[in-house]
Amino acid sequence: MPRKFIKRFLPDHQKIKQNRALSMFGSLLHEPNLWHLNRKSASGAFGIGLFFAFWPVPFQMWLSAAMAIPFRANLPLSVATVWITNPFTMPPIFYAAYKVGTTVLGTETTHFEFQFNWQWVVESISTIGPAFLVGCAICSVFAGAVGYFGLNCVWRFSVKKAWDARREKRKNQKETF
């Protein structure tokens with residue numbers, strides 16, 4: 001069941017509530033769905049996390065946490081899902097987003113080499129920036145929707161499977177007696 005699998009990786013919610021960095025949210029963190037795993041809160045968290053994972057900003061986790069609160073999605077899961085884009089996976093994921101953007105805008109792919117300085121970022125905004133940002137927006141919406149509906153379907157399927165197994169077990173017990 002997805003609940004048991006996901007719960008193994010989540011931190012204790014009491015420790016998170018006591019975190020000084022999150023004190024700005026105040027009593028909003030006392031909403032039960034922010035900490036419990038059910039189909040609605042988990043699929044919402046997965047969708048929110050995947051949505052913000054494709055944003056090329058350094059504060060993706062804060063955005064994900066801020067959106068999980070009003071949508072009553074599981075807070076730790078939405079923040080953890082953002083880490084799909086980490087320093088190792090960012091280059092291929094963002095390059096794929098750039099390719100999606102060039103395809104949608106109908107522009108040619110420009111050869112570029114990443115340089116770790118501010119001047120390169122400013123210069124690339126006018127050259128590869130539009131295609132990159134359009135690609136990130138498309139991938140963000142697509143990944144968020146697929147994450148939300150995908151986890152929702154997996155959750156429903158696993159619950160149905162558990163119910164069927166329980167029904168079969170009861171049926172076999174009745175036949176034994």
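Residues numbered from 1 in each chain as written. Predicted model: local features only at pLDDT ≥ 70, side-chain atom pairs only at ≥ 80, totals over all residues. Heavy atoms only, no water.

**Student:** How should I be thinking about the packing of aromatic side chains in this particular structure?
**Tutor:** Any two aromatic rings considered together are summarised by their centre-to-centre distance and by the angle between their planes. The final tally for this structure, using the stated rule, is 6 aromatic pairs. With centroids separated by 5.0 Å and ring planes inclined at 85°, the aromatic side chains of Phe51 and Phe52 adopt a geometry described as edge-to-face. Assessed through its relative accessible area of 6%, Phe52 is described here as buried. Relative to Phe132, the ring of Phe94 lies with its centre 5.5 Å away and its plane at 85°, an arrangement referred to as edge-to-face. Taken as a pair, Phe94 in helix 6 (residues 90–105) and Phe132 in helix 8 (residues 129–176) lie far apart in primary sequence, 38 residues in all. One aromatic cluster in this structure is built from Phe51, Phe52 and Trp55. Above the ring of Trp163, the side-chain terminus of Arg166 is found at 5.0 Å from the ring centroid. (Phe/Tyr/Trp six-rings, centres within 6.5 Å; stacked < 30°, edge-to-face > 60°. Buried < 20%, exposed > 50% of the residue type's maximum accessible area, 1.4 Å probe, protein only. Helix = DSSP H or I, 4+ residues; strand = E, 2+ residues; numbered from the N terminus. Lys NZ or Arg CZ within 6 Å of the ring centre and 35° of its normal.)

**Student:** For this particular structure, what's the right way to read the confidence of the model for the protein chain?
**Tutor:** Across the protein chain, the average pLDDT comes to 84, with 85% of residues at 70 or higher. Considering each helix and strand of the protein chain separately, the mean pLDDT is smallest for helix 2 (residues 13–17), with a value of 66, and largest for helix 3 (residues 39–53), with 93. (pLDDT = per-residue confidence, 0-100.)

**Student:** Is there a simple way to explain the environment of Ala42 in this structure?
**Tutor:** Inspection of the secondary structure assignment puts Ala42 in helix 3. Leaving out residues up to four positions away in the same chain, Ala42 has contacts with Leu37, Leu77, Leu151 and Trp155. (Contact = heavy atoms within 4.5 Å.)

**Student:** What should I look at first to understand a nonpolar patch on the surface in this one?
**Tutor:** A cluster of nonpolar side chains, Trp118, Val121, Val122 and Ile125, forms an exposed patch at the surface whose accessible area comes to about 430 Å². Its location among the elements puts Trp118 in helix 7 (residues 118–127). Judged by relative accessible area, which is 66%, Trp118 ranks as exposed. (Patch = residues over 30% accessible without salt bridge, like charges linked within 9 Å, V, L, I, M, F, W, Y side chains within 5 Å. Areas by Shrake-Rupley, 256 points an atom, 1.4 Å probe, with all protein chains shown as cover. Salt bridge = Lys/Arg side-chain N within 4 Å of Asp/Glu carboxyl O.)

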